[in-house]
There are 4 protein chains.
Amino acid sequence: MLEKLKEEVCRANCMLPKYGLVTFTWGNVSGIDRKSGLVVIKPSGVEYDELKPEDMVVVRLEDGSVVEGTLRPSSDTDTHLELYRACEEIGGVVHTHSRYATSWAQANRGIPALGTTHADDFHGAVPCTRPMKNEEIQGSYEAETGRVIVETFAGKDMMEIPAVLVASHGPFVWERNAAAAVKKSVVLEEVARMALYSETIAGKKLPEMNPVLLDKHYLRKHGEDAYYGQK
Amino acid sequence: MLEKLKEEVCRANCMLPKYGLVTFTWGNVSGIDRKSGLVVIKPSGVEYDELKPEDMVVVRLEDGSVVEGTLRPSSDTDTHLELYRACEEIGGVVHTHSRYATSWAQANRGIPALGTTHADDFHGAVPCTRPMKNEEIQGSYEAETGRVIVETFAGKDMMEIPAVLVASHGPFVWERNAAAAVKKSVVLEEVARMALYSETIAGKKLPEMNPVLLDKHYLRKHGEDAYYGQK
Amino acid sequence: MLEKLKEEVCRANCMLPKYGLVTFTWGNVSGIDRKSGLVVIKPSGVEYDELKPEDMVVVRLEDGSVVEGTLRPSSDTDTHLELYRACEEIGGVVHTHSRYATSWAQANRGIPALGTTHADDFHGAVPCTRPMKNEEIQGSYEAETGRVIVETFAGKDMMEIPAVLVASHGPFVWERNAAAAVKKSVVLEEVARMALYSETIAGKKLPEMNPVLLDKHYLRKHGEDAYYGQK
Amino acid sequence: MLEKLKEEVCRANCMLPKYGLVTFTWGNVSGIDRKSGLVVIKPSGVEYDELKPEDMVVVRLEDGSVVEGTLRPSSDTDTHLELYRACEEIGGVVHTHSRYATSWAQANRGIPALGTTHADDFHGAVPCTRPMKNEEIQGSYEAETGRVIVETFAGKDMMEIPAVLVASHGPFVWERNAAAAVKKSVVLEEVARMALYSETIAGKKLPEMNPVLLDKHYLRKHGEDAYYGQK
């Protein structure tokens with residue numbers, strides 16, 4: 001069942017330690033098969049170097065019920081599902097506690113777009129959610145986490161800024177597939193790191209970059225007029 | 001004598017350089033056999049890559065006297081012993097000068113709980129001890145270090161916050177066994193690092209996170225209602 | 001055609017990940033053959049570990065037209081060309097988003113000369129360009145980027161300070177050949193990093209170093225009276 | 001001639017990149033044979049991985065004249081010689097531009113003793129020299145650098161604080177032999193790094209640690225009452 005997707009999701013999970021995005025088991029990747037409405041996700045608390053495609057857990061998008069797999073799915077599964085439900089174009093979701101992105105989340109600040117590295121991949125600042133309310137935390141916490149993310153993107157295109165910082169927690173990143181979401185997580189970590197350094201160098205909080213330059217770089221890589229890379 | 005524990009403690013010591021927690025010989029791990037009241041600890045000043053289980057030193061919990069071993073035990077042995085005496089549940093103790101945790105200790109500040117990464121492993125801020133008094137330093141220094149740590153935890157559960165920063169010195173970490181204490185040291189280093197970055201990003205000292213969120217994450221991983229990982 | 005130069009440029013591109021200057025494909029190196037007026041440059045968006053000399057693209061200095069190669073040249077080609085046109089002595093150009101240099105660029109600050117490490121390779125502060133105007137960004141963006149760099153060096157010797165930070169973007173570095181430009185990029189990154197730390201340590205923006213010391217170190221390595229290294 | 005010392009000095013030089021203390025050829029180590037009054041030092045500008053014992057240059061302590069070797073000695077040779085002349089106990093000298101120590105030098109600040117990591121190896125703050133005067137820079141620069149270092153230690157024991165930061169330049173470190181001086185350089189880099197972090201965490205410049213604690217740790221490892229390590 002979904003053997004190809006399981007392999008993709010397994011490989012994407014194993015990219016997390018390779019790219020230095022995780023300590024121990026602090027991260028999980030999922031991918032979705034839109035046709036069947038099934039999501040493949042990492043099992044909870046399993047080490048990456050022991051992970052095999054057949055360990056992946058298959059859950060139903062609709063209600064999160066486990067369809068296949070003997071292990072428990074990631075404890076963050078319900079957050080992933082909320083994201084898949086909110087935006088049809090999402091094909092893969094990543095959650096990590098990557099060091100620099102998480103540090104911004106802990107400061108309850110979004111990551112301002114300060115340069116073309118950011119603009120090449122994110123069409124604007126990466127937002128930070130509002131703090132979660134006590135009743136959300138004490139309720140269906142993981143699903144509520146997803147809902148707060150979706151609320152943060154009200155009126156925005158989730159695919160143009162495919163990442164968020166959950167306040168006091170860390171980043172969630174999504175893309176058209178699992179591997180692309182991991183690569184975007186690497187970019188997020190890099191821009192989070194450089195934004196910290198830039199503000200230290202400036203000795204103050206920096207304003208967003210010129211939106212004309214932001215557009216230029218984003219559109220150089222995305223959309224019909226893109227001209228970066230090979231055709 | 002205690003061959004299995006010696007092997008465990010030796011292996012745990014060798015994890016220190018693997019996880020980047022030590023420079024040269026700046027760290028030591030011990031483990032206890034509660035039944036016999038014997039503690040196994042790294043010999044003083046020996047390089048990790050030369051360390052063999054038979055080099056481990058066995059000392060008596062009661063009085064620190066060496067029961068077995070031809071090498072001198074770690075110079076910090078008496079601090080380890082005080083911790084074992086103060087809390088029955090401690091099975092392993094780690095001391096390092098790991099970079100970020102030590103930097104907080106040198107600033108004489110505890111590490112505030114700023115996010116869920118912290119809350120997943122520590123049920124509150126990791127405290128910093130008061131500065132040691134001159135007579136403590138000039139007396140039984142290592143034992144006094146242990147006593148100041150224990151004093152810092154008066155009225156608190158040492159197993160819920162299994163780490164401390166000794167002011168102007170560095171971290172001591174404990175857990176149910178030696179390997180777990182090393183892993184907790186890795187987490188401590190990571191949260192110390194991110195807390196530094198978060199405060200830099202915020203441009204100010206940050207308050208503790210919402211205690212409801214702290215509880216949620218701590219209890220997601222600890223206690224009877226834990227639901228992280230596999231059963 | 002230009003086989004030797006293609007090999008040099010290919011190898012120089014592959015030095016970028018080796019020296020930790022790039023994430024993914026975020027950097028490009030070119031080299032010029034002054035006699036034929038042809039520039040050899042990395043193809044756009046290709047991974048370094050797949051790069052072969054025959055993938056290099058050959059473009060005409062005069063107008064940027066592709067003379068040889070089946071892949072599209074780097075999207076930054078026109079910036080490289082402006083630099084080659086502005087200074088006859090330039091033999092190689094490097095563009096990266098290296099972390100620390102880019103962080104200064106994002107803060108819209110040049111890198112002050114704070115010590116002899118800087119002075120050994122740069123005869124003064126590495127400047128940051130003015131922000132680009134909207135009409136420049138929306139016009140021939142990459143060529144305009146090159147022109148703004150050249151404008152920044154009006155009245156200065158580009159070979160004595162062979163690097164610039166493009167505001168809100170990142171560094172361009174040049175030298176007598178491609179490999180030397182990569183090595184200079186490593187130095188730039190290192191001095192960018194140390195300047196950030198030095199200002200953090202000082203708790204304030206630091207003034208330029210004593211120009212007599214700057215001259216001493218620069219001239220110890222450059223010009224007729226140089227006495228560093230082997231004859 | 002001095003084959004054993006040449007091998008030691010060669011090996012010590014090769015430790016510099018291994019410990020991450022140097023970029024390219026930015027560092028040099030020497031050792032002295034007090035009996036013959038000869039100093040063995042790295043040749044100038046040669047890569048570490050090509051370095052062979054027979055490449056080492058032998059110079060006379062008295063006047064710096066080359067006694068053996070076909071390559072030119074390190075351009076910093078005269079600084080090394082001044083240190084050997086100033087203190088009979090010095091057996092090896094290291095100069096690097098290691099990142100964190102150099103950052104303090106560029107801020108023209110010595111490294112305060114903030115914790116026991118520092119105290120274990122340095123019996124007090126590591127001082128920064130006064131800025132060099134223009135006539136010193138334009139005169140016998142390298143010898144003058146050595147003289148300014150010696151001036152900085154007037155009335156102090158160079159072996160108890162075996163390192164200095166040359167203002168706007170970087171660290172010089174010495175010890176009883178070349179390998180020990182390299183190891184001390186690693187410690188210096190580590191305490192330089194942690195002191196930067198500690199002050200960032202404190203949000204201010206930190207005062208020196210309690211001198212009683214400083215003495216305790218220094219004397220735990222040095223002198224007749226030392227009890228760290230094996231006998």
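Please read these numbers as outputs of a predicted model, since none were measured by experiment.

The rules behind each value
Residues numbered from 1 in each chain as written. Chains lettered and ligands numbered in written order. Predicted model: local features only at pLDDT ≥ 70, side-chain atom pairs only at ≥ 80, totals over all residues. Heavy atoms only, no water. Helix = DSSP H or I, 4+ residues; strand = E, 2+ residues; numbered from the N terminus. Rg over C-alpha atoms; globule rule 2.2 N^0.38 Å. Buried < 20%, exposed > 50% of the residue type's maximum accessible area, 1.4 Å probe, protein only. Contact = heavy atoms within 4.5 Å. Areas by Shrake-Rupley, 256 points an atom, 1.4 Å probe, with all protein chains shown as cover. Lys, Arg positive; Asp, Glu negative; His and termini not counted. Charge placed at Lys NZ, Arg CZ, Asp CG, Glu CD. Polar contact = N/O pair within 3.5 Å; in protein donor to acceptor, adjacent residues only side chain to side chain. Pairing = 2+ DSSP bridges. Axes fitted to C-alpha atoms, helices over the stretch in contact; angles between N-to-C directions. Expected span 1.5 Å × (residues − 1). Salt bridge = Lys/Arg side-chain N within 4 Å of Asp/Glu carboxyl O. Nonpolar A, V, L, I, M, F, W, Y, C, P; charged D, E, K, R; others polar. Least-squares fit on C-alpha atoms with pLDDT ≥ 70 in both. UniProt positions renumbered as here; feature names shortened; annotations may be inferred. Buried area = accessible area lost by both parts, 1.4 Å probe. Parallel < 35°, antiparallel > 145°, perpendicular 65-115°, else oblique. Left-handed = near helix turned anticlockwise from the far one by under 90°.

**Here we look at the overall build of chain A**
- Along the backbone of chain A there are eight helices and seven strands.
- For a compact globule of 231 residues, the expected C-alpha radius of gyration is about 17 Å, and chain A comes in at 17 Å, within 12% of that figure.
- When burial is assessed residue by residue, chain A has 63% of its 231 residues classed as buried.
- Residue pairs in contact within chain A that sit at least 24 positions apart in sequence constitute 63% of those at least 6 positions apart.
- Split by element, the accessible area of chain A, about 8600 Å² in all, is 48% carbon and sulfur.
- Taking the average location of the 27 positive side-chain charges in chain A and that of its 34 negative ones, the two points are 4 Å from each other.

**Some thoughts on the side chain of Thr 152 of chain A**
Residue and element names in this part refer to chain A.
- The topology assignment puts Thr 152 in helix α6 (residues 141-152).
- A polar atom in the side chain of Thr 152 sits 2.7 Å from the backbone oxygen of Val 148.
- The contact partners of Thr 152, leaving out residues within four places of it in the chain, are Pro 127, Cys 128, Thr 129 and Val 164.

**Focus on the sheet that holds strand β4 (residues 66-68) of chain D**
All names here are of chain D.
- In spatial order, the strands read β4-β3-β2-β1-β5-β7-β6; together these seven strands make up an open sheet with antiparallel pairing. For this open sheet the edge positions go to β4 and β6 (163-166), each flanked by a neighbour on one side alone. Between one strand axis and the next, the sheet turns through 25 degrees on average, direction left out of account.
- Relative to strand β7 (residues 170-175), β6 is paired through four bridges, and the arrangement is antiparallel. The partner of Leu 165 across the bridge, within β7, is Pro 171.
- Contacting β1 (27-33), β2 (38-41), β3 (57-60), β5 (92-96) and β7, helix α2 (residues 77-86) runs over the sheet at an angle of about 40 degrees to β1.

**Quick word on helix α6 (residues 141-152) of chain B**
- Across its twelve residues, α6 of chain B extends 16 Å between first and last C-alpha, which sits within 8% of the 16 Å expected from 1.5 Å per residue.
- Among the twelve residues of α6 of chain B, nine are classified as buried, and the element is accordingly described as predominantly covered.
- Residues of α6 of chain B that are buried: Tyr 141, Glu 142, Ala 143, Glu 144, Thr 145, Gly 146, Val 148, Ile 149 and Thr 152 of chain B.
- Looking at the buried residues of α6 of chain B, the elements they touch are α2 (77-86), α5 (134-138), β6 (163-166) and β7 (170-175) of chain B together with α4 (116-121) and α8 (211-221) of chain D.

**Structural notes on the interface of chain C and chain A**
- Every contact between the two is made by 34 residues of chain C and, on the other side, 33 residues of chain A.
- Between chain C and chain A we count four salt bridges in total.
- For Lys 183 of chain A, the salt bridge goes to Glu 47 of chain C, with nearest N and O atoms at 3.6 Å.
- Across the contact surface, chain C and chain A share 19 residue pairs in polar contact (both at pLDDT 80 or more).
- Put simply, the parts of the chain that give the side of chain C that touches chain A at least two residues each are α3 (99-106), α5 (134-138), α6 (141-152) and α7 (178-202) of chain C.
- Looking at the side of chain C that touches chain A element by element, the count peaks at six residues for α3 of chain C.
- Of the residues contributing to the side of chain C that touches chain A, the split by class is twelve nonpolar, 14 polar and eight charged.

**As for the relation of the copies chain C and chain A**
- Expressed as a screw operation, the relation of chain C to chain A combines 0.0 Å of axial shift with a rotation of 90 degrees, fitting to an RMSD of 0.0 Å. Taken together, the turn and the small shift mark the pair as related by a four-fold rotation axis. For chain C, the residue whose C-alpha comes nearest the rotation axis is Thr 200 of chain C, separated from it by 5.4 Å.
- Counting the interface residues of chain C, we find that no more than 3% of their copies in chain A are interface residues as well, pointing to two distinct contact surfaces.

**So, the environment of Met 159 of chain A**
All names here are of chain A.
- Inspection of the secondary structure assignment puts Met 159 in the loop between α6 and β6 (163-166).
- In this structure the C-alpha to C-alpha distance between Met 159 and Gly 203, which are 44 residues apart in sequence, comes to 32 Å.
- Dropping the residues within four chain positions of it, Met 159 is found in contact with Cys 87, Glu 89, Ile 90, Trp 174, Glu 175, Arg 176 and Tyr 218.

**With respect to α2 of chain B**
All names here are of chain B.
- For α2, a buried count of seven out of ten residues is recorded, marking the element as mostly surrounded by other parts of the structure.
- Taken together, the buried positions of α2 are occupied by Thr 77, Thr 79, His 80, Leu 81, Glu 82, Leu 83 and Tyr 84.
- Those residues of α2 that are buried are in contact with β1 (27-33), β2 (38-41), β3 (57-60), β5 (92-96), α6 and β7.

**Section: the UniProt feature "domain: Class II aldolase/adducin N-terminal" (unreviewed entry) in chain A**
- Annotation from UniProt places "domain: Class II aldolase/adducin N-terminal" (unreviewed entry) at residues 7-196 of chain A.
- This span, residues 7-196 of chain A, is 37% helix and 17% strand, and a straight line between its end C-alpha atoms measures 36 Å.

**Quick look at the interface of chain C and chain D**
- Listed as interface residues are 33 residues of chain C and, on the opposing side, 34 residues of chain D.
- Across the chain C to chain D interface the summed buried area is about 3100 Å²; carbon plus sulfur atoms make up 54%.
- Area buried by chain C at its contact with chain D is led by Ile 201, Tyr 228 and Gln 230 of chain C, which between them contribute 22% of it.
- The interface formed by chain C and chain D holds four salt bridges in total.
- Summed over the shared surface of chain C and chain D, the result is 19 residue pairs in polar contact (both at pLDDT 80 or more).
- Of all the secondary-structure elements, those providing two or more residues to the side of chain C that touches chain D are α4 (116-119), α7 and α8 (211-221) of chain C.
- Top element by residues in the side of chain C that touches chain D is α7 of chain C. It accounts for twelve residues.
- Taken together, the residues of the side of chain C that touches chain D sort by class into 15 nonpolar, nine polar and nine charged.

**A word on the packing of helix α3 (residues 99-106) of chain A against helix α7 (residues 178-202) of chain A**
Residue and element names in this part refer to chain A.
- At a closest axis distance of 7 Å, the pairing of α3 and α7 adopts a crossing angle of 60 degrees. With respect to α7, the axis of α3 lies oblique. Seen from above, α3 lies across α7 with left-handed handedness. Contacts between α3 and α7 involve Arg 99, Tyr 100, Ala 101 and Trp 104 from the first element and Leu 188, Glu 189, Ala 192, Arg 193, Ala 195, Leu 196, Tyr 197 and Glu 199 from the second.
- Class assignment for the residues of the contact of α3 with α7 results in eight nonpolar, no polar and four charged.

**Remarks on the relation of the copies chain C and chain D**
- Under the fitted operation, chain C is carried onto chain D by 0.0 Å of movement along the axis and a turn of 90 degrees, and the coordinates agree to an RMSD of 0.0 Å.
- The overlap is low: 3% of the interface residues of chain C also sit at the interface in chain D, so different surfaces are used on the two sides.

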